[in-house]
Amino acid sequence: RYGGEEFVVVLNNCNQAGVQLALDRFRAAIENYEFPSNRVTASIGFTAIDPKFPPAVHLENADKALYLAKDRGRNRVIEYNPADYSDSTIASDSETDDIELF
């Protein structure tokens with residue numbers, strides 16, 4: 001358990017398609033399970049592990065993908081893709097701020 005309602009799962013010896021399939025089966029199982037209180041869904045973000053980067057970078061990237069899954073409508077699995085977080089997106093967000101940095 002990594003947070004209030006967040007969990008970390010490490011899958012070993014899987015390619016991207018295998019990870020996507022396994023996580024989507026897990027997501028669908030949650031969606032289709034009859035919980036006593038109400039319907040529950042799962043938004044999932046994942047990233048490939050690159051030994052060049054420390055674990056904190058992988059957690060941050062998976063977290064970014066998780067929030068993108070939530071922003072895109074929830075109840076979905078999204079792989080971290082650096083193109084989804086381009087510098088132009090960051091620049092356009094900062095252009096709306098009233099703070100000037102020099």
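Residue positions within a chain follow its written sequence, with the count starting from 1. Since the coordinates come from a predicted model, pLDDT governs what is reported: local features require at least 70, and pairs of side-chain atoms require 80 or more to be given and counted, while whole-chain, interface and lining totals use all residues. Just so you know, side-chain values use all the structure's heavy atoms and leave hydrogens and water out.

### Some remarks on the nonpolar core
Counting residues in each nonpolar core, the largest one holds seven residues, listed as V19, L23, I30, A42, I44, F46 and V77. Secondary structure is summarised from DSSP: a helix means a run of H or I of at least four residues, a strand means a run of E of at least two, and numbering begins at the N terminus for each. At the level of elements, helix 1 (16–32) and strand 1 (44–46) are the ones that each hand at least two residues to this core. The dominant element in this core, judged by the number of residues it contributes, is helix 1, at three residues. The criterion used for residue contact is that any of the two residues' heavy atoms lie within 4.5 Å. Once residues lying within four places of it in the same chain are set aside, the contact partners of V77 are Q20, L23, D24, R27, I44 and F46. Among buried residues, those of type Ala, Val, Leu, Ile, Met, Phe, Trp, Tyr and Cys that are joined through side-chain atoms within 4.5 Å constitute a nonpolar core. For each residue, the accessible area found with a 1.4 Å probe, counting protein chains only, is set against the maximum for its type, and the residue is called buried under 20%, exposed over 50%, and partly exposed in between.

### Describing a nonpolar patch on the surface
What makes a patch is a set of residues exposed beyond 30% relative accessible area and free of salt bridges, joined within 9 Å when like-charged and within 5 Å when nonpolar (Val, Leu, Ile, Met, Phe, Trp, Tyr). Each accessible area is a Shrake-Rupley result for a 1.4 Å probe, and residues are judged covered by the shown protein chains and nothing else. Here a salt bridge means any side-chain nitrogen of Lys or Arg lying within 4 Å of a carboxyl oxygen belonging to Asp or Glu. Taken together, Y2, V8, V10, I49 and L59 make up a surface patch of nonpolar side chains, about 490 Å² in accessible area. Among the secondary structure elements, V10 is positioned in the segment before helix 1. For V10, a relative accessible area of 63% corresponds to the exposed category.

### A few points about the environment of Q16
Inspection of the secondary structure puts Q16 in helix 1. For Q16 and T47, which are 31 residues apart along the polypeptide, the C-alpha to C-alpha distance reads 8.9 Å. Excluding anything up to four places from it in sequence, Q16 contacts F46 and E79. Polar contact criterion, stated in full: a pair of N or O atoms within 3.5 Å, where within protein one must be able to donate a hydrogen and the other to accept it, and residues adjacent in sequence count only if both atoms are side-chain atoms. Polar side-chain contacts of Q16 include one of 3.1 Å to the side chain of E79.

### So, the pattern of salt bridges
Evaluated as defined, the whole model comprises six salt bridges. We note a salt bridge from K64 to E60, for which the minimum N-O separation is 3.5 Å. With a gap of four residues between them, K64 and E60 both fall in helix 2 (residues 55–71), about one helical turn apart. Taking the relative accessible area as the measure of exposure, K64 reaches 30% and is therefore partly exposed. Relative accessible area serves as the criterion here: at 45%, E60 is assigned to the partly exposed category. In this structure, D84 and R72 form a salt bridge, with 3.7 Å as the shortest nitrogen-oxygen distance. Of this pair, D84 sits in the loop between strand 2 (77–79) and helix 3 (87–95) while R72 sits in the loop between helix 2 and strand 2, and the two are twelve residues apart along the sequence.

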